[in-house]
Amino acid sequence: MTRREIREEIFKMLFRADFHDKETIEEQETLFFERLQEAGKESKDLCYMKEKVDSLLEHLEEIDHMLNDVAKGWKTTRMGKVDLTLLRLAVYEIRYEEGMPTGVAINEAVELAKKYGTDESSSFVNGVLAKIT
């Protein structure tokens with residue numbers, strides 16, 4: 001899988017997380033990654049994705065705090081789920097993933113916002129992430 005495809009799959013798993021209790025997240029991850037495995041995805045990619053999702057979820061409170069600090073008038077509780085998930089993923093990549101260029105993380109989040117979000121999502125995501133860096 002390409003980096004972009006991996007990031008998109010991570011986005012999809014993280015999006016699920018907002019709709020499930022912490023107790024059921026592990027089960028959701030298992031189902032999600034089983035589906036990818038059945039689709040013939042490489043195990044090294046699946047391991048990388050699982051590690052990244054788990055690490056991001058561990059840092060979720062810190063990431064949301066950062067977002068709440070910079071997104072004036074838009075607390076995470078008010079943000080659309082697609083936008084919020086993309087922001088969380090990009091902030092994680094910028095702050096916690098070594099070797100990830102900030103511009104790449106922002107650009108990828110904006111591109112996914114164009115694909116999955118509303119007409120305003122890409123501008124919103126870009127604006128918030130510009131304040132994070």
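Look above for the structure.
In this text the structure is predicted, and so the values were computed from the model without any measurement. (Residues numbered from 1 in each chain as written. Predicted model: local features only at pLDDT ≥ 70, side-chain atom pairs only at ≥ 80, totals over all residues. Heavy atoms only, no water.)

Peer 1: Describe in detail the environment of Met1, supporting the description with residues and values.
Peer 2: On the secondary structure map, Met1 appears in the segment before α1 (3–17). With a relative accessible area of 28%, Met1 lands in the partly exposed category. (Helix = DSSP H or I, 4+ residues; strand = E, 2+ residues; numbered from the N terminus. Buried < 20%, exposed > 50% of the residue type's maximum accessible area, 1.4 Å probe, protein only.)

Peer 1: Quick rundown of the nonpolar core? Include the residues and the values.
Peer 2: Side chains of a nonpolar character, in soluble globular proteins, are inclined to be buried together. With 39 residues, the main nonpolar core has Leu67 and Leu129 as its most contacted residues. Elements represented by at least two residues in this core include exactly α1, α2 (22–38), α3 (43–58), α4 (60–70), α5 (81–96), α6 (102–116) and α7 (121–132). The dominant element in this core, judged by the number of residues it contributes, is α5, at nine residues. Not counting the four nearest positions on each side in its chain, Leu67 is found in contact with Thr76, Leu84, Leu87, Arg88, Val91, Val128 and Ile132. (Core = buried A, V, L, I, M, F, W, Y, C linked by side-chain atoms within 4.5 Å. Contact = heavy atoms within 4.5 Å.)

Peer 1: Please give an account of the packing of aromatic side chains that cites residues and values.
Peer 2: Counted according to the given criterion, the structure contains six aromatic pairs. Ring centres of Phe11 and Tyr116 lie 5.0 Å apart, and the angle between their planes is 45°; on these two criteria the pair is classed as tilted. Taken together, the residues span a long stretch of sequence, with Phe11 in helix α1 and Tyr116 in helix α6 at a distance of 105 residues. On the basis of relative accessible area, Phe11 is assigned to the buried category, the value being 3%. Taking relative accessible area as the criterion, Tyr116 reaches 29% and is therefore assigned partly exposed. With a centroid separation of 5.2 Å and 55° between ring planes, the pair formed by Phe15 and Phe19 is classed as tilted. Pairwise contacts between aromatic rings join Phe11, Phe15, Phe19 and Tyr116 into one cluster. Above the ring of Trp74, the side-chain terminus of Arg78 is found at 4.3 Å from the ring centroid. (Phe/Tyr/Trp six-rings, centres within 6.5 Å; stacked < 30°, edge-to-face > 60°. Lys NZ or Arg CZ within 6 Å of the ring centre and 35° of its normal.)

Purely geometric stuff here, so don't read any function into it on its own.
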